[in-house]
Amino acid sequence: MKVLLGLSGGVDSAIAAYLLQKQGVDVTCCFMRNWDSYANNDILGNPDIMEGVCPQEQDYLDAKAVADHLGLELLRVDFIKEYWDQVFTTFLKEYEKGRTPNPDILCNKYIKFDAFFDFAMKNGFDMVATGHYASNETIDGYTYLTRAHDQNKDQTYFLCQVPEHAIAKTIFPLGNIDKPQVRQIARELDLESVMTKKDSTGICFIGERNFREFLTNYLPSKEGKIVDVDTGKVLGQHIGVLYYTIGQRKGLNITHDKGPWFVVGKDVQKNILFVCHHTHKHWLDSDEAVIRHINWIVKDKKDIPARLTCKFRYRQPDQDVELEWIDSTTVRLRYPQNIPGVTIGQEAVLYDGNKCLGGGVIDNVYQNGNDLNEMIRKTAEQRMHDE
């Protein structure tokens, strides 16, 4: 069996390569280059723009050092156009609407398990492999996506939009191993380029950025009012509603009124950011959400239970929800216990025990049957009028 493994220059994919090799698998490594800072006008907010070796090139050198150390072949492919056209353009369009997309989920959907997967299949490989903390399990001829042994690192949330045919042809070597073990193996193998390298953070394949400055490269900033939803009082000025997320409390620069304050809503057309005082955090609570564009990773949708669990953001504890079908890729989730910070544009990922059933985009949230963002906007406008 020939396997093409995505080798990123990080410790996880390095140990995934080693574990496959140890099992006697015919493994070839492949480094993906998906971002070009100069070509993509990634200037503002980029701390490494003047460095002699950009982070992506350093990652390639680190990956090459791992492949050389293990005696494995390393291919290099560019998906810069695919990343721009399918991941980054979608990312920007969502932000323009005032929504908060997840670039890691988009990256897995369009690059790692589409462009990269197709490259592997067209070049004679039987399977692909990645350094994700996830597993898969074949039951009655169907391969399900399942949680990793290391629950603290489980990354099935980010894999919820991967098509089922790709899940069936993917190996997750880290599915039954804990992160501390990964670090320990790297030290034992003396993989100098990755064994002490910190985990990558920031935007998938782009890296660490001052996020607000980074966005101004593509979406112009426009100052506007920050308004208290309960009083209609103008508390300060924001630098652009697109740059804030629901539930955010830092970076609001509200200095005259004692907080903390939380972002609860936006009016993109009028460029107003709505906030609430920490004593009125009920504005963050919802009890229903509509989820669209769901990618199901199930053998038969009829087997999906009405009661299951959901993560509305990564690392969130599982939330009990009740599912009501709207159409084959759209559902309404009800959670009468109320959940704070369910955010339009982010992903709701559904689970039945250990199985990840797939996920979709949070399209709307409700409180007591009312559209929450609309209710916040109307309440704030009425208070502003009364002021």
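In what follows, the accompanying structure is described. (Residues numbered from 1 in each chain as written. Predicted model: local features only at pLDDT ≥ 70, side-chain atom pairs only at ≥ 80, totals over all residues. Heavy atoms only, no water.)

Quick look at the sheet that holds strand β8 (residues 224-228) now. Here we have four strands laid out as an open sheet, ordered β9-β8-β11-β10, and mixed in their pairing. A strand with exactly one partner marks an edge of an open sheet, and here the two such strands are β9 (234-238) and β10 (261-267). The sheet shows a mean angle of 30° between the axes of neighbouring strands, direction not considered. Direction of pairing for β10 relative to strand β11 (residues 272-277): antiparallel, over a ladder of six bridges. From the neighbouring strand, Lys 266 faces β11, where its bridge partner is Leu 273. Helix α8 (residues 372-386) rests against β8, β10 and β11 of the sheet, and its axis sits at about 95° to β10. (Pairing = 2+ DSSP bridges. Helix = DSSP H or I, 4+ residues; strand = E, 2+ residues; numbered from the N terminus. Axes fitted to C-alpha atoms, helices over the stretch in contact; angles between N-to-C directions. Contact = heavy atoms within 4.5 Å.)

Residue placement: Asp 190 occurs in the loop between α6 (179-189) and α7 (211-216). Using a relative accessible area of 39% as the deciding quantity, one classes Asp 190 as partly exposed. For the pair Asp 190 and His 69, spaced 121 residues apart in sequence, the C-alpha to C-alpha distance is 9.0 Å. Aside from chain neighbours lying at most four places away, what touches Asp 190 is His 69 and Met 195. (Buried < 20%, exposed > 50% of the residue type's maximum accessible area, 1.4 Å probe, protein only.)

When charged atoms on two side chains of opposite charge get close, those side chains can pair. With the rule as written, the count across this model stands at 25 salt bridges. A salt bridge links Glu 57 to Arg 76; the nearest nitrogen and oxygen atoms lie 3.2 Å apart. Remark: Arg 76 occurs in strand β3 (residues 74-78) and Glu 57 occurs in helix α2 (residues 55-70); sequence separation between them is 19 residues. Under the relative-accessibility criterion, Glu 57 is labelled partly exposed at 27%. Glu 94 is paired through a salt bridge with Lys 97; the nearest N and O atoms lie 3.5 Å apart. Judged by relative accessible area, Glu 94 falls into the buried class, the value being 14%. (Salt bridge = Lys/Arg side-chain N within 4 Å of Asp/Glu carboxyl O.)

Now for the sheet that holds strand β2 (residues 26-33). Strand pairing in a sheet takes place through backbone hydrogen bonds and is either antiparallel or parallel in direction. Reading across from one edge, β3-β2-β1-β4-β7 is the order of the five strands in this open sheet, with parallel pairing throughout. Strands with a single pairing partner mark the edges of an open sheet, and in this sheet they are β3 and β7 (170-171). As paired strands, strand β1 (residues 2-6) and β2 are joined by five bridges and run parallel to one another. Bridge pairing links Leu 4 to Thr 28 in β2.

What follows concerns the packing of helix α1 (residues 11-22) against α6. At a closest axis distance of 10 Å, the pairing of α1 and α6 adopts a crossing angle of 70°. Taken together, α1 and α6 sit at an angle that is classed as roughly perpendicular. Touching Val 11, Asp 12, Ile 15 and Tyr 18 of α1 are Lys 179, Val 182, Arg 183, Ile 185, Ala 186 and Leu 189, all from α6. Here the residues of the contact of α1 with α6 are counted per class, giving seven nonpolar, no polar and three charged. (Parallel < 35°, antiparallel > 145°, perpendicular 65-115°, else oblique. Nonpolar A, V, L, I, M, F, W, Y, C, P; charged D, E, K, R; others polar.)

Turning our attention to the side chain of Ser 135. Note that Ser 135 resides in strand β5 (residues 135-139). By relative accessible area, which is 12% here, Ser 135 ends up buried. Within the structure, Ser 135 has its side chain in polar contact with the backbone oxygen of Gly 175 (distance 3.5 Å). (Polar contact = N/O pair within 3.5 Å; in protein donor to acceptor, adjacent residues only side chain to side chain.)

Okay, the environment of Ile 291 next. Residue position: Ile 291 is located in strand β12 (residues 285-296). Taking the relative accessible area as the measure of exposure, Ile 291 reaches 0% and is therefore buried. Through-space distance from the C-alpha of Ile 291 to that of Glu 347 is 8.3 Å; in sequence the pair is 56 residues apart. When neighbours within four sequence positions are excluded, Ile 291 is seen to be in contact with Thr 329, Thr 330, Val 331, Leu 333, Ala 348, Gly 360, Val 361 and Ile 362.

Scanning the model with the defined rule gives 18 aromatic pairs in all. When the ring of Tyr 157 is compared with that of Phe 158, the centres are 5.5 Å apart and the planes differ by 90°; the resulting orientation is edge-to-face. Residue Tyr 157 is classed as buried on the basis of its relative accessible area, which comes to 2%. Classification of Phe 158 by relative accessible area gives buried; the value is 13%. Here the aromatic rings of Phe 158 and Tyr 314 are separated by 4.4 Å at their centres, their planes lie at 55°, and the arrangement is tilted. Of this pair, Phe 158 sits in the loop between β6 (142-146) and α5 (164-167) while Tyr 314 is found in the loop between β13 (307-311) and β14 (319-327), placing the two residues 156 residues apart along the sequence. Accessibility expressed as a relative area gives 24% for Tyr 314, which makes it partly exposed. Taken together, the ring pairs connect Trp 35, Tyr 83, Trp 84, Phe 88, Phe 91, Tyr 95, Phe 214 and Tyr 218 into an aromatic cluster. Between Arg 147 and the ring centre of Tyr 351, over which it is positioned, the NZ or CZ distance is 4.0 Å. Above the plane of the ring of Phe 262 lies Lys 281, whose end atom (NZ or CZ) is 4.7 Å from the centre. (Phe/Tyr/Trp six-rings, centres within 6.5 Å; stacked < 30°, edge-to-face > 60°. Lys NZ or Arg CZ within 6 Å of the ring centre and 35° of its normal.)

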